[in-house]
Amino acid sequence: MPLIAETSVSGTAYSFDMLFSYAVPEGMAACEGCRVLVPFGRGNRRRIGVIMKLTEGSTDGLKSLVSLVDEIPVISRELLDLAVYLSEQTYCTYFDGVKAMLPPAMSVSTKERFELVKNFTYFSSLSDEAQELLEILRDMGDNGKINEYLAEHTEKYGRRLVDELCDGGAVSSDNVFRQAVGDAAMKMVRLTDEYLSAPDGFKLTPKQKTVADFLIEYGAAAVKEAAYMCGVTPTVVKRLIANGAAVEYDMEVFRHVDDGSEEKADPESIVLSEEQQAAHDAVLAKMFEHKAGAFLLHGVTGSGKTSVFEKLISDTIKMGRQAMLLIPEIGLTPQILSRFRSLFGERVAVIHSGLSQGQRLDEYKRIKKGGADIVIGTRSAVFAPLDNIGIIIIDEEGERSYKSDSSPRYMTHDIAKKRCAHHNAVLLLASATPSVESYYLAEKGVYKLLEMKKRYSTSPLPEVSIVDMNIERMDGNKTEFSRKLADELSRNLQNGEQSILLLNRRGYHTVISCCDCYSPVYCPNCSVPLTYHKKNDKLMCHYCGYVSERVTVCPECGSERLRNMGFGTQKLEEELSVYFPAARVLRMDADTTFSRYSYEKNFSDFREGKYDIMIGTQMIGKGLDFPNVTLVGVLSVDKALFAGDFRSYERTFSLITQVVGRGGRGEKQGRAILQTFMPEHYIMNLAAQQDYKGFYNEEIAIRRAMIFPPVCDMAVFCFAANDEISVIKGSGAVLELMKKRLDELKPKTPIRVLGPVRASYGRINGKFRYRIIMKCKNNAEIRGFISALLKEAPKIADMKGVSLYADMNGDVGV
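This section reports on the structure supplied with the text. (Residues numbered from 1 in each chain as written. Predicted model: local features only at pLDDT ≥ 70, side-chain atom pairs only at ≥ 80, totals over all residues. Heavy atoms only, no water.)

### Side note on the pairing of strand E14 (residues 374-377)
Burial along E14 is two-sided: the face carrying Ile374 and Ile376 and the face carrying Val375 and Gly377 are both buried. Inspection of the sheet shows strand E12 (residues 322-326) paired to E14 by four bridges, in the parallel sense. The partner of alanine 323 across the bridge, within E14, is isoleucine 374. For strand E13 (residues 348-351) and E14, the ladder comprises four bridges, and the chain directions are parallel. Residue pairing for E14: alanine 349 is matched across the bridge by valine 375. Once you follow E13 into helix H13 (residues 357-368) and on to E14, the crossover reads as right-handed. (Buried < 20%, exposed > 50% of the residue type's maximum accessible area, 1.4 Å probe, protein only. Helix = DSSP H or I, 4+ residues; strand = E, 2+ residues; numbered from the N terminus. Pairing = 2+ DSSP bridges. Right-handed = clockwise from strand over helix to strand, strands pointing away.)

Pasting the structure below:
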């Protein structure tokens, strides 16, 4: 029976996406998971696709695959099924689901090359239009001009006539595929079979004979290595090749990811405390059952969760299975990678966006070929091509960086659960501040709760002092440092101890405001005030990247009376140099970590004592271990409590708790100072007490009363357009469609629809943005309703020029 390839095709919109059926030409070795070139649409334009499924059946009326891109599958059956799951759960196209699993360097482009067939005489078999086109091509003569002309012709008129010329034998075509980043290779040399069977038949110079003897002994070597070991120039090796005695070939090599590894260590030498051992044993017992299971490890900061991870991963490898450790920030990777490479050597691979495209490609290939059985990385590493997973660990699992903000808009936890179910593996979520959703599931028994309430070093949690900045202002202190924080910084500097200061605002001044009309200087593309950066003397938008010179006149009223307001990390760095001129200050924010090596170098320098004070944004607040840090200062997080999102309290509590936990992790007692204008707020006090259970009880009560996740699920429909009238009309029209379809559906579970309303930042990058929020139950019935709505909505007249996507359990305040 003929084969049919069910194919996901690139460049489709969700509104008309599906698995498209193509006939597999006889003799084509098509496999599931291979990329192919397909004709698409009425014009049969060439597009890249991925074969998701092969079936047998009649191919009458089906277009045929044009050619294979890959000889062997680039993606496994498990991950193909996962791409289908992504499409169903996150409302992305099938191809976007597959694309998320492959490194960007593997993306391919295609270029079709045409050539006139000489001595073609069957003109009568061609239509008049095709004959006319052929005459035009023949008059050109030059092959480059022919290809340029046909590329323009197919773009403008489609492929009908071009395909007729190719099918009729007048023109031949060939598709050339180019991968975004090529494989790394080393030039190698080895002796030919002819030389090895009859060396006397070759006349070699003494130097060439030396190289030949070396290759007889070692088999093969790099060209440069052979020249170096034999004491000759590479030219001698090249002449040996030209003589036919040797042959040169490319050997694939992997671009190494530097880790600054510590001295080799033995996993058996790790000693666990009683609490750590209990957590370890509970997870290991489940792993021995070879059944899927999920755990939530709630341990205070400094309780030694990483040591538990190390032992569990060691046990997994001993069982002949593979392990995955996911972390929330690129900045944590060097520290974690260095430790795990010291324990497990080159069995560890790393995947994150801070690597070069070539490095990510090589790490992917190394994993796929079985060269690594431990994967460490950020969110995207959850798709690593492991084929025998025993455990997936998600560290700092409450971080929102595990939620993808672009298509496919997946939650890493959901993908990890799906993969664990496929492999009968264990999922271990861990954090000092778990997400409310995860703790709620642990309370319901979906996850098994494990707790570690003591620090591993037996040192107590830092002593936290809350400083009322209202009193500081009344007493005449206009600086950003409370007197207590200034005194404690001085004390640390005198004692040779290190300090960390958190200020979650980068830049110098965060707002430039007019004293007459009171309007801030806004970004022209966004409804966001511009931030002044002193280092480059520019005003910058942190959302769309807009940059302008400093303004001297208010854009709204023309007044020259402008006031600089707000306080960012650049200004904090400057003021520290004034108050503590001898202090060595390290600033860590998005403006100082452009390079992929910045995190590693700066954190390493701080750990080695080259700096006294580290200041930074939230990137310094989690997962870092600096034994000499005894003081943590939180300068201002009040604004985060009112970020316009129902998770704002959770994020603020987590950030404070995590950064306070960076102190006192060595032998010395830690102290933390929390500066706030809201000292009575319960979030500040619970964070100061490191009381997660108290916070959870307060937060879940609010969520139940207001009906927010995890009590329900929430689909956020996001609209954007170049003008506000269009987005208002489009979102209103979709709301009416929703009401109509819900009346017809009569869903079995309750639904509440809110909006449409303007997003917290109503305009970003020139697009006006509105939201419709639907509180619901994420089940098959509701997913089907959302999918049908997204496919029907673009057909509404009022949706012209308006983009729409749905995000399940996404952020509502962005």
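### Thoughts on unusual backbone geometry
Put simply, serine 407 and proline 408 share a cis peptide bond, and its omega is -5°. Looking at where proline 408 falls in the secondary structure, it is placed in the loop between strand E15 (389-395) and helix H14 (412-423). In the segment running from glycine 755 into proline 756, the intervening peptide bond is cis, with an omega of 10°. In this structure, asparagine 44 takes a positive phi of about 55° despite not being glycine. Locating asparagine 44 in the fold gives a position in the loop between strand E3 (35-40) and strand E4 (45-56). Unlike most non-glycine residues, glutamine 690 shows phi in positive territory, near 55°. Of note, glutamine 690 is situated in the loop between helix H21 (682-688) and helix H22 (692-706). When its relative accessible area of 15% is taken as the criterion, glutamine 690 is described as buried.

### Brief notes about the environment of lysine 777
You can see lysine 777 is positioned in the loop between strand E31 (767-776) and helix H24 (780-792). Take lysine 777: its relative accessible area is 48%, and that puts it in the partly exposed class.

### A word on the pattern of salt bridges
Under the criterion given, the structure shown has 44 salt bridges. Glutamate 363 is the partner of arginine 341 in a salt bridge, and the nearest nitrogen-oxygen pair spans 4.0 Å. Of this pair, arginine 341 sits in helix H12 (residues 333-344) while glutamate 363 sits in helix H13, and the two are 22 residues apart along the sequence. Classification of glutamate 363 as buried rests on a relative accessible area of 2%. The partner of arginine 671 in a salt bridge is glutamate 497, and the shortest N-O contact between them spans 3.9 Å. Within this pair, whereas arginine 671 is found in strand E28 (residues 671-676), its partner glutamate 497 is found in the loop between helix H17 (483-495) and strand E19 (498-503), the two being separated by 174 residues in sequence. (Salt bridge = Lys/Arg side-chain N within 4 Å of Asp/Glu carboxyl O.)

Spatial relationships are all this shows, so hold off on functional conclusions.
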